[in-house]
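Inside the fold
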Amino acid sequence: MGSASMRFGFGKVAQDGAARAGVIRTPRGEIRTPAFMPVGTAATVKAMLPESVAATGADILLGNTYHLMLRPGAERVARLGGLHRFMNWQRPILTDSGGFQVMSLAGLRKLTEEGVTFRSHIDGSKHHLTPERSMEIQALLGSDIVMCFDECPALPASDKAVAESMRLSMRWAARSKEAFGDRPGHALFGIMQGGVTRALREESAEALKEIGFDGYAVGGLAVGEGQEAMFGVLDYAPGSLPEDRPRYLMGVGKPDDIVGAVKRGIDMMDCVLPSRSGRTGQVFTRHGVVNIKNARHQDDPRPLDEDCTCPACCGYSRAYLHHVFRAGEMISGMLLTWHNLHYFQQIMAEMRAAIVEGRFTEWEAGFHAGRAQGDIEPL
Ligand SMILES: [Zn+2]
């Protein structure tokens, strides 16, 4: 742990259009923004050593409160020195609140004003999660960036249902802030809700600003509304949040979602896509998507991407990666996950440089052109 007196902070370095480049300062190190956060659901980014995740350029990763509270348990992680020590990752960690995963347990949960009662997907045991308990769990884990406990309604939903859900989330945001208390060096982020309805999004932004947070997330997107509707919300939502605080788009996304979100003023994102796809043989490159299981790769001596400097591209052919995937060898998931995470971080680094140099629009055109020329394969 760094100096207890060091506080959390965000500084904008440059802006190009709505796209921002900046730095989030924490006692565990700086997070360069726009930032992509790999997901370490169960205290591991699957198939990756922590030092490998760091080598891809990640400054921060995300842990899931829901999974960690059930197994191994937040109190156990705290007794073992906290999540950073437990999983051997010393850079910043953001934890979600558990709300999103609990809400997706349709039929296994009961929602009240107080919170949510649910049954574990692992052993059926009964648990209760409230804003107060979520803050307690995230403190036990030792998270650097704590997320408010919120509700995300399943779409499609009526405007009335989305409004009621959003207002409950805003009451829970106030309770989360109260329970979080004063923890120097740790940050609490509020989460904007309101579906795809502008008036509700703006009402949510006002409610969160009234409470006051270290950062602000845009929640309730990338839940099946489609990219066009998501970008429609992002055309105005970031601008309704404080200029001097980081803005985090939760659960996004594909490379073109990420680029479109940064273009609209988002600073942070997380997604399981690069790591999950790495295990299913789907590879993201600057020329598009490669499905390594396809027979067309079995005699191909070329790397996944000639310009990529990751271990998978420096040491191995498509033919080899095809072979180990088909043979079910563990190195397949390891190499493809490394490549995907490296590629996502490469996009972030290129965008940060482009924003600083005032050429984001040109960079974005090149990004789309490269993908259009490439060997994009059907998903
Ligand atoms: Zn690579």
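What counts as what
Residues numbered from 1 in each chain as written. Predicted model: local features only at pLDDT ≥ 70, side-chain atom pairs only at ≥ 80, totals over all residues. Heavy atoms only, no water. Pairing = 2+ DSSP bridges. Helix = DSSP H or I, 4+ residues; strand = E, 2+ residues; numbered from the N terminus. Axes fitted to C-alpha atoms, helices over the stretch in contact; angles between N-to-C directions. Contact = heavy atoms within 4.5 Å. Domains from an automatic or database assignment. Buried area = accessible area lost by both parts, 1.4 Å probe. Salt bridge = Lys/Arg side-chain N within 4 Å of Asp/Glu carboxyl O. Polar contact = N/O pair within 3.5 Å; in protein donor to acceptor, adjacent residues only side chain to side chain. Core = buried A, V, L, I, M, F, W, Y, C linked by side-chain atoms within 4.5 Å. Buried < 20%, exposed > 50% of the residue type's maximum accessible area, 1.4 Å probe, protein only. Donors = N, O, S within 2.8 Å, 3.2 Å for Na, K, Ca; no water. Tetrahedral: all angles 85-135°; square planar, octahedral: opposite > 155°, others 65-115°. Right-handed = clockwise from strand over helix to strand, strands pointing away.

1. Overview of the sheet that holds strand β3 (residues 29–33)
Strand pairing in a sheet relies on backbone hydrogen bonds. The paired strands run either parallel or antiparallel. In space, the 3 strands of this open sheet follow the order β1-β2-β3, with antiparallel pairing throughout. Where the open sheet ends on each side, the last strands, each with one partner, are β1 (9–16) and β3. Here the strands of the sheet are splayed against their neighbours by 15° on average, with no regard to which way each runs. In this structure, strand β2 (residues 19–26) lies alongside β3, joined through 5 bridges in antiparallel fashion. Residue pairing for β3: Gly22 is matched across the bridge by Thr33. Against the sheet, helix α14 (residues 330–356) makes contact with β1, β2 and β3, and its axis sits at roughly 70° relative to β1, the strand it touches most.

2. Points about the domain arrangement of the chain
Domain annotation for the chain reports domain 1 (9–270) and domain 2 (278–373). Between domain 1 and domain 2, the C-alpha centre-to-centre distance is 27 Å. Across the contact, 30 residues belong to domain 1 and 27 residues belong to domain 2. At the boundary of domain 1 with domain 2, total buried surface from both sides reaches about 2400 Å², with 75% on carbon and sulfur atoms. For the pair domain 1 and domain 2, the interface holds 2 salt bridges. One salt bridge connects Lys263 with Glu364, and the closest N-O pair in it is separated by 3.4 Å. The tally of links from domain 1 across to domain 2 stands at 5 residue pairs in polar contact (both at pLDDT 80 or more). The set of elements that each furnish at least two residues to the side of domain 1 that touches domain 2 consists of β1, β2, β3, β4 (35–37), α1 (50–55) and α10 (255–263). Take the side of domain 1 that touches domain 2: its biggest share by element is 6 residues, from α10.

3. A short note on the nonpolar core
If you look at the biggest cluster of nonpolar residues, it comprises 80 residues, and the most contacted ones within it are Leu234, Leu249, Met269 and Met351. When residues of this core are sorted by domain, at least three fall in each of domain 1 (9–270) and domain 2 (278–373). When residues no more than four places from it in sequence are discounted, the contact partners of Met269 are Ala35, Phe36, Met37, Tyr248, Leu249, Val252, Ile258, Ala261, Val262 and Met348. Of all hydrophobic cores here, the second largest spans 18 residues; its members include Phe8, Ile24, Ile31 and Ala187.

4. Points about the coordination of the zinc ion
For the zinc ion, the protein coordination sphere consists of Cys308 (SG), Cys310 (SG), Cys313 (SG) and His339 (ND1), at 2.1 to 2.3 Å. The coordination sphere of the zinc ion comprises 4 donor atoms, whose angles at the metal cover 100 to 113°; the geometry is tetrahedral. In the primary sequence, the donor residues of the zinc ion line up as C-x1-C-x2-C-x25-H. The same class applies to Cys310 and to Cys313, which are both buried.

5. Here's the deal with the pairing of strand β12 (residues 215–218)
On β12, burial covers both faces: Gly215 and Ala217 on one face and Tyr216 and Val218 on the other are all buried. Of the strand pairs in this sheet, strand β11 (residues 187–192) and β12 are connected by 4 bridges, and their pairing is parallel. Within β12, the position partnered with Met192 by the bridge is Val218. The handedness of the β11 to β12 crossover, carried by helix α8 (residues 198–211), is right-handed. Sheet topology note: the β12/strand β13 (residues 247–249) ladder contains 3 bridges and is parallel.

6. Some details on the side chain of Arg247
Within the secondary structure, Arg247 sits in strand β13. We classify Arg247 as buried; its relative accessible area is 6%. Engagement of the side chain of Arg247 in a polar contact is seen with the backbone oxygen of Pro238, the distance being 3.3 Å. Reaching out from Arg247, the side chain makes a polar contact with the backbone oxygen of Gly265 at a distance of 3.1 Å. Excluding residues within four positions of it along the chain, Arg247 makes contact with Arg20, Tyr216, Pro238, Leu241, Pro242, Gly265, Ile266, Asp267 and Met268.

7. Focus on the pattern of salt bridges
For the coordinates displayed, the defined rule picks out 26 salt bridges. With a shortest N-O distance of 3.3 Å, Asp305 and Arg286 are connected by a salt bridge. Of this pair, Asp305 sits in the loop between β16 (288–291) and α12 (311–315) while Arg286 sits in the loop between β15 (282–285) and β16, and the two are 19 residues apart along the sequence. The class for Arg286 is partly exposed, based on a relative accessible area of 26%. Residues Glu357 and Arg359 are paired through a salt bridge, measuring 2.7 Å at the closest nitrogen-oxygen approach. Overall, the relative accessible area of 31% leaves Arg359 in the partly exposed class. The network of salt bridges with common partners includes Lys12, Arg20, Glu243, Arg247 and Asp267.

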